[in-house]
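Chain residues, written in single-letter form:
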Amino acid sequence: MKNLAAALLLFISVSGFAAEQNTSATVSVQNLPGSVAAGFHIALKGRKICEKKLNAPGFADLSAYILQQNYRKMQNQFDKLGCELQFYDYPFLPFDDYYTRDEMSFIRGRVPNEKVADALRLVSQLIRNAQNINEKELAEAVRSCTRSNRMRASLGNTAGTRLREILFPGEYPALPTYFSGKTPSITKVKQFMELYDTPENMVITVVGKVNPAALREKILKEFSGWGGTACCRNIYSPEILLHNGKTVTIETRRKSRGYILLALPLKDKMQTDELAAALLFARQLSDTVSFQLREREGLAYSVGAGIRNIAGHYFLVLSMGTSPKHVRYSAKRMDEMLGAALQKRKISKSDLDRIRNSLLISRRMKRLTNVNKAFFIGVNILWHRPLNFEEQLDNSIKKADIDFLANVKALLNGPEIRILINATEGQVGKTAADKGTHRKHP
């Protein structure tokens, strides 16, 4: 009992407190002495689930522009507090937001420590103001949204959506991430925002030099009792459906660009030491594939490997952008290099130390600012993980040894899924492999 009490006390002192009322946001406040400024993060749960429920693809993306409009109207009030806000996918994030696009959207900000409560009070007001949008404002938001989405449309998004359709057919909402199309009904937009941008659907996390108990009480006062019933009470983790030898070819009108996505499912419920080994292997593989296919063979304009979480399942993913005529050959080369890496017995201690240090530095840089620390705490609450999960994973990465890394193949849990995006037929000639024009490789 003493150990249990000590554990509970530690949890409260580190993580702050969580709201219990159904009509309130879930709130976690962490005091970090010595902080220059506080960071806060508001996660809006179940992005794709809510869009599917209301048959409103891309509405979370559209609502970000509606919030941005209202932020501009209230800019002076936020500026007086020294507060900066960012909405959803607006900025380039200094970490991989692959999973946030499915599981959540977000509002995040940075503000002087003593002004956090005032800043979040304004955010609450901003969200409620945005839900009273009129026809003229909606038309403006649609124009801004669709104009921006033309610039950021990518073959990677197309491949990611298709991958979800393959993995979870008819079950997981594999909807387009970004909004495009005609101006929707204002009634439907308001209905979506009332369900999605509501306190019950929010996980609010704060990191800074603050008083957790007092700040929590103030936040709950502002984020309680308004909005509708949340669209998503829990994050949905569908059962994965694996296909043997699944290869999908998608055609596109882009004459100059092709794309390859290779995904291998990893076993569910991995321990932190297993996930650490998978991350180290992915970093090693990414370095090898990038150097060979981009630097030596000149095939790729972007290439890499990583571990991705899609709907609660982990995958080893390799992706590459290349010209359409190199797609089939490049996919073959990526397969060969992946197979060789999985069969390789052991790496040297010096190579393991190099990969480990590179991975740890990258991970720690992502959590350098308080607003990013708040982001990861919010994700951990969302996925029911310990609030210090990232630190636990760092410790497992430090302890990973050569023997454990050599057994990564045992973590694989199904066949590879391959998605190739080519130009439409007639735009692509023979592949480089057919012509024999690719550079020689060792």
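Q: Sorry, what's going on with the overall build of the protein here?
A: Counting its secondary structure elements, the protein contains 17 helices and 10 strands. Here the protein holds 442 residues, and the buried ones make up 53% of them. Summing over all exposed atoms, the protein offers an accessible surface of approximately 20,800 Å²; the carbon and sulfur share of this is 51%.

Q: Honestly, the sheet that holds strand β1 (residues 26-31) in this entry has me stumped. Any pointers?
A: Strand pairing within a sheet occurs via backbone hydrogen bonds; the two strands may be parallel or antiparallel. Pairing is mixed across the open sheet formed by five strands, whose spatial order is β1-β5-β2-β4-β3. Bordering the open sheet on either side are β1 and β3 (84-87), each of which pairs with just one other strand. Averaged over all neighbouring strand pairs, the angle between strand axes comes to 10°, with direction disregarded. The pairing of strand β2 (residues 38-45) with strand β4 (residues 104-111) spans eight bridges and is classified as antiparallel. Note that in β4 the partner of leucine 44 across the bridge is serine 105. Here helix α14 (residues 370-382) sits on the sheet and contacts β1, β2, β4 and β5 (202-208); the angle it forms with β5, its principal contact strand, is near 140°.

Q: Sorry if this is basic, but what is going on with the layout of surface pockets here?
A: One simple way to see leftover space: roll a probe sized like a water molecule over the atoms. Its volume calculated, the second largest pocket comes out at about 470 Å³. For the second largest pocket, the lining is made up of 20 residues, of which Ser237, Asn309, Gly312, Tyr314 and Trp383 are closest to its centre. For the lining of the second largest pocket, the secondary structure elements donating two or more residues are α11 (272-296) and β9 (313-322). For the lining of the second largest pocket, the class distribution of residues is eight nonpolar, seven polar and five charged.

Q: Got a minute to help me understand helix α6 (residues 116-130) in this structure?
A: Given 3.6 residues to a turn, an α-helix orients residues that are three or four positions apart in the same direction. Over its 15 residues, α6 runs 21 Å from end to end, which matches the ideal 21 Å to within 8%, given 1.5 Å per residue. When we look at burial in α6, the residues that qualify are Val116, Ala119, Leu120, Leu122, Val123, Ser124, Leu126, Ile127 and Ala130.

Q: Would you mind showing me how to read the side chain of serine 396 here?
A: Inspection of the secondary structure assignment puts serine 396 in helix α15 (residues 389-399). Residue serine 396 is classed as buried on the basis of its relative accessible area of 14%. Not counting residues within four places of it along the chain, the set of residues in contact with serine 396 comprises Thr272, Asp273 and Ala276.

Q: Help me out: how do you make sense of unusual backbone geometry in this one?
A: Negative phi is the rule for most residues except glycine; trans is the rule for most peptide bonds. Positive phi outside glycine occurs at alanine 311, with the angle close to 55°. Following the sequence through the fold, alanine 311 ends up in the loop between β8 (300-310) and β9. Residue histidine 384 is not a glycine yet carries a positive backbone phi of 60°.

Q: Explain the pattern of salt bridges to me, please; I cannot follow it from the model alone.
A: A side chain of one charge can pair with a side chain of the opposite charge if their charged atoms are brought near each other. Counted according to the given criterion, the structure contains 20 salt bridges. For the salt bridge of aspartate 394 with arginine 367, the shortest nitrogen-to-oxygen distance reads 2.4 Å. Taken together, the positions of aspartate 394 in helix α15 and arginine 367 in the loop between α13 (349-366) and α14 put the pair 27 residues apart, joining distant regions of the chain. Residue class for aspartate 394 comes out buried when judged on its relative accessible area of 4%. On the accessibility criterion, arginine 367 (10% relative accessible area) is buried. Glutamate 416 is the partner of arginine 418 in a salt bridge, and the nearest nitrogen-oxygen pair spans 3.5 Å. Sharing partners across several salt bridges, the network here consists of Arg363, Arg367, Arg385, Glu390, Glu391 and Asp394.

Q: Where do I start with the packing of aromatic side chains in this structure?
A: According to the stated counting rule, one finds eight aromatic pairs in the structure shown. Here the aromatic rings of tyrosine 71 and phenylalanine 78 are separated by 5.3 Å at their centres, their planes lie at 75°, and the arrangement is edge-to-face. On the basis of relative accessibility, which here comes to 7%, the residue tyrosine 71 falls in the buried class. With relative accessibility at 0%, the residue phenylalanine 78 sits in the buried group. These aromatic residues form a ring-pair network of at least three members: Phe59, Phe179, Phe192 and Tyr196.

Q: Before we go on, may I ask you to explain the pairing of β8 in this structure?
A: Regular strands place side chains that alternate from one sheet face to the opposite one. The element β8 is extensively covered by neighbouring structure, given that eight of its 11 residues are classed as buried. Taken together, the 10 bridges between β8 and β9 define a ladder with antiparallel strand orientation. Looking at the pairing, serine 302 lines up with glycine 321 of β9. Following β8, the chain reverses through two residues before pairing antiparallel with β9; alanine 311 in that reversal takes a positive phi of roughly 55°.

Q: Please clarify how empty space enclosed by the protein should be interpreted in this entry.
A: Summed over the entire model, instances satisfying the criterion amount to three cavities of 30 Å³ or more. Put simply, the largest cavity is a space of about 110 Å³. Taken together, 13 residues form the lining of the largest cavity, with Ala341, Lys344, Arg345, Leu405 and Ala406 sitting closest to its centre. Listing elements by their share of the lining of the largest cavity, those giving two or more residues are α11, α12 (327-343) and α16 (402-405). In terms of residue class, the lining of the largest cavity is built from eight nonpolar, one polar and four charged.

Q: Can you walk me through helix α9 (residues 186-196) in this structure?
A: Those residues of α9 not exposed but buried are Ile186, Val189, Phe192, Met193, Leu195 and Tyr196. Where α9 begins, the capping side chain belongs to serine 185, and its oxygen is found 3.2 Å from the backbone nitrogen of threonine 187.

Q: I keep staring at the packing of α11 against α13 and nothing clicks. Help me out?
A: Think of two packed helices as two axes; the pair is described by the angle between the axes and how far apart they sit. α13 packs onto α11 with a crossing angle of 105° between their chain directions and a minimal axis gap of 10 Å. Judged by the angle between their axes, α11 and α13 are roughly perpendicular. Taken together, the residues of α13 that come into contact with α11 (itself represented by Leu279, Leu280, Arg283, Gln284 and Asp287) are Leu352, Arg354, Ile355, Arg356, Ser358, Leu359, Ser362 and Arg363. Residue composition of the contact of α11 with α13, by class: five nonpolar, three polar and five charged.

Calculation notes
Residues numbered from 1 in each chain as written. Predicted model: local features only at pLDDT ≥ 70, side-chain atom pairs only at ≥ 80, totals over all residues. Heavy atoms only, no water. Helix = DSSP H or I, 4+ residues; strand = E, 2+ residues; numbered from the N terminus. Buried < 20%, exposed > 50% of the residue type's maximum accessible area, 1.4 Å probe, protein only. Areas by Shrake-Rupley, 256 points an atom, 1.4 Å probe, with all protein chains shown as cover. Pairing = 2+ DSSP bridges. Axes fitted to C-alpha atoms, helices over the stretch in contact; angles between N-to-C directions. Contact = heavy atoms within 4.5 Å. 1 Å grid on protein atoms, 1.4 Å probe; cavity = no way out; pocket = protein on both sides within 12 Å on 5 of 7 lines; lining within 4 Å. Points joined across faces, edges and corners; volume = space filled by probe spheres on them. Nonpolar A, V, L, I, M, F, W, Y, C, P; charged D, E, K, R; others polar. Expected span 1.5 Å × (residues − 1). Salt bridge = Lys/Arg side-chain N within 4 Å of Asp/Glu carboxyl O. Phe/Tyr/Trp six-rings, centres within 6.5 Å; stacked < 30°, edge-to-face > 60°. Polar contact = N/O pair within 3.5 Å; in protein donor to acceptor, adjacent residues only side chain to side chain. Parallel < 35°, antiparallel > 145°, perpendicular 65-115°, else oblique.

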